[in-house]
Amino acid sequence: SGSALPESAPALVVTRHGGPKVLDVRDEPLGEPAADQVLVRVAAAGVNFIDVYQREGVYPVPTPFVLGTEGAGEVVAVGSGVSSFVVGDRVAWGQGLGSARAYATVDTKNLVHVPSGVDLQTAAAAMLQGLTAHYLTTSTYAVQQGTVALVHAAAGGVGQLLTQMVTRRGGRVIATAGSAAKLETARERGADELINYAEVDDVAAAVRERTDGRGVDVAYDGVGKDTFEASLASLRPRGLLVLYGAASGQVPPFDLQRLNAMGSLFVTRPSLGAHVATPEELRARATELFGWIESGDVQVSIGGRYPLADARTAYADLEGRRTQGKLLLIP
Ligand code: NDP
């Protein structure tokens, strides 16, 4: 029941693989929710680097397709087999291709309820990057009191959340970013040491200076190609390099024997999907994350809100390194 749904509504379509120019906003028919899906009126959709990899064809998705894996909104219809969500529920998701549109069909296995203390834009902004920072600091490396972490691109979406989650667990953050303004943001989020990697030639040497020569326990690297070597050279013996993304490009093939020579190092390349593979794990992580947001322990910084029609600008800004925090598309 409720207000009648339109036949069609705007959606952000990738017409062919390429740069932001291949994006087009088109009226598309509303999907009918399958048995295990709901139809959501989308309040906000998240802008993420995975969208860039998919748009460019680095991650293969046949064109044309509706972009976006993240969003939040209100349930307006449920599939025949759905029992845990009803019309009117406030929901959010971080995985589900086809989210950047006014009405999205979402698999219930990807869906969580949004607590009343969290607004829908914040929920949309928190799901993908927040759950990522959560698993990176609890599971990939269990940060504890005294852990020293290197966080690259610390003013970015994931970077600001990582910085807060490391420091609230008693860890110390050495932050990098590409400008003084971005480093100031990292400092506000709790970073202890700041390195401008646009100006410092030897980032690993700068990290060692700030750790009495020891190196860091863990390096969180979502920049990839441009920072990988510095991350490796910044680790203490038996330290862990967490390569979780490739904002500057993919890291080329790597000779594992180097890990032996550099002090028994570890390297991992984790994905969110493997850390929210069951509804139970997704809900447990989301519940904890939303709790931190409600208590104010973790601030979700929304660095830009763009109408769906301006999606090309949103992606050009993200890829052009002009943004801080999270970008949202408002359908
Ligand atoms: P950010 O907000 O961090 O934006 C990317 C930032 O990377 C830029 O602002 C810039 O900061 C830095 N950067 C450095 N070099 C480049 C370059 N050549 N081009 C563009 N940016 C560059 O993005 P997100 O928070 O959305 O994502 C960060 C990373 O996290 C991405 O690599 C993404 O793929 C990854 N990710 C991985 C997940 C996983 O589970 N594995 C899940 C979610 C995200 P500066 O100017 O300070 O250098």
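Quantities reported herein were computed from a predicted structural model and do not represent experimental measurements.

Caption draft 1: Region of the structure containing the overall build of the protein. Helix and strand content of the protein: 9 helices and 16 strands. For 331 residues, the compact-globule estimate of 2.2 N^0.38 gives 20 Å, and the protein sits close to it at 20 Å. Viewed in the frame of its principal axes, the protein has a C-alpha envelope of about 65 × 40 × 35 Å. Here the analysis covers contacts within the protein between residues at least 6 apart in sequence; of these, 65% occur between residues at least 24 apart.

Caption draft 2: Quick look at the sheet that holds strand β13 (residues 235-243). Pairing is parallel across the open sheet formed by 6 strands, whose spatial order is β11-β10-β9-β12-β13-β14. Two strands close off the open sheet at either side, each with one partner strand: β11 (193-196) and β14 (266-268). Strand-to-strand, the axes of this sheet are offset by a mean angle of 15 degrees, without reference to chain direction. Two elements, β13 and β14, share 3 bridges in a ladder whose sense is parallel. Residue Leu241 lies in a different strand from β14, and its bridge partner there is Val267.

Caption draft 3: Just the domain arrangement of the protein, in detail. Examined at the domain level, the protein breaks down into domain 1 (8-127 + 276-330) and domain 2 (144-268). Computed over C-alpha atoms, the centres of domain 1 and domain 2 are 28 Å apart. Between domain 1 and domain 2, the residue contacts involve 9 residues of the former and 12 residues of the latter. Residues that form the side of domain 1 that touches domain 2 fall into these classes: 2 nonpolar, 4 polar and 3 charged.

Caption draft 4: Broad picture of the packing of helix α2 (residues 120-140) against helix α8 (residues 279-295). Relative to each other, α2 and α8 sit at 115 degrees, their axes nearing to 10 Å. Between α2 and α8, the angle is such that the two are roughly perpendicular. Like other packed secondary-structure pairs, α2 and α8 cross with a definite hand, here right-handed. Seen from α2, the contacting residues are Thr122, Ala126, Gly130, Leu131, His134 and Tyr135; seen from α8, they are Arg285, Ala286, Glu288, Leu289 and Ile293.

Caption draft 5: Here's a closer look at the site of the ligand. Close to the ligand lie 30 residues, the nearest being Gly156, Gly157, Gly178, Gly222 and Gly245. Elements that contribute at least two residues to the shell around the ligand include exactly α1 (49-56), α2, α3 (157-168) and α9 (311-319). Grouping the amino acids of the shell around the ligand by side-chain chemistry returns 14 nonpolar, 12 polar and 4 charged. In this structure, the shell around the ligand is formed jointly by two domains, domain 1 (8-127 + 276-330) and domain 2 (144-268), each of which donates at least three residues.

Caption draft 6: Region of the structure containing the environment of Asp24. You can see Asp24 is positioned in strand β2 (residues 23-29). Between the alpha carbons of Asp24 and Arg210 there is a distance of 47 Å; along the sequence they are 186 residues apart. Apart from the residues lying within four places of it in its own chain, the contact partners of Asp24 are Val13 and Thr15.

Caption draft 7: Layout of the sheet that holds strand β1 (residues 8-14). Spatial strand order, β2-β1-β4: 3 strands in an open sheet with antiparallel pairing. Across the chains shown, the open sheet's two edge strands, defined by having one partner strand only, are β2 and β4 (65-66). Where β1 lies against β4, 2 bridges are found, and the strand directions are antiparallel. Bridging from a neighbouring strand, Val13 pairs with Val66 of β4.

Caption draft 8: Layout of the confidence of the model for the protein. When pLDDT is averaged across the protein, the result is 97; 99% of the residues are at 70 or more. In the predicted complex, the global pTM is 0.98; the interface-specific ipTM is 0.99.

Criteria and cut-off values
- Residues numbered from 1 in each chain as written.
- Predicted model: local features only at pLDDT ≥ 70, side-chain atom pairs only at ≥ 80, totals over all residues.
- Helix = DSSP H or I, 4+ residues; strand = E, 2+ residues; numbered from the N terminus.
- Rg over C-alpha atoms; globule rule 2.2 N^0.38 Å.
- Contact = placed C-beta atoms within 7 Å.
- Pairing = 2+ DSSP bridges.
- Axes fitted to C-alpha atoms, helices over the stretch in contact; angles between N-to-C directions.
- Domains from an automatic or database assignment.
- Nonpolar A, V, L, I, M, F, W, Y, C, P; charged D, E, K, R; others polar.
- Parallel < 35°, antiparallel > 145°, perpendicular 65-115°, else oblique.
- Left-handed = near helix turned anticlockwise from the far one by under 90°.
- Near = placed C-beta within 6 Å.
- pLDDT = per-residue confidence, 0-100.

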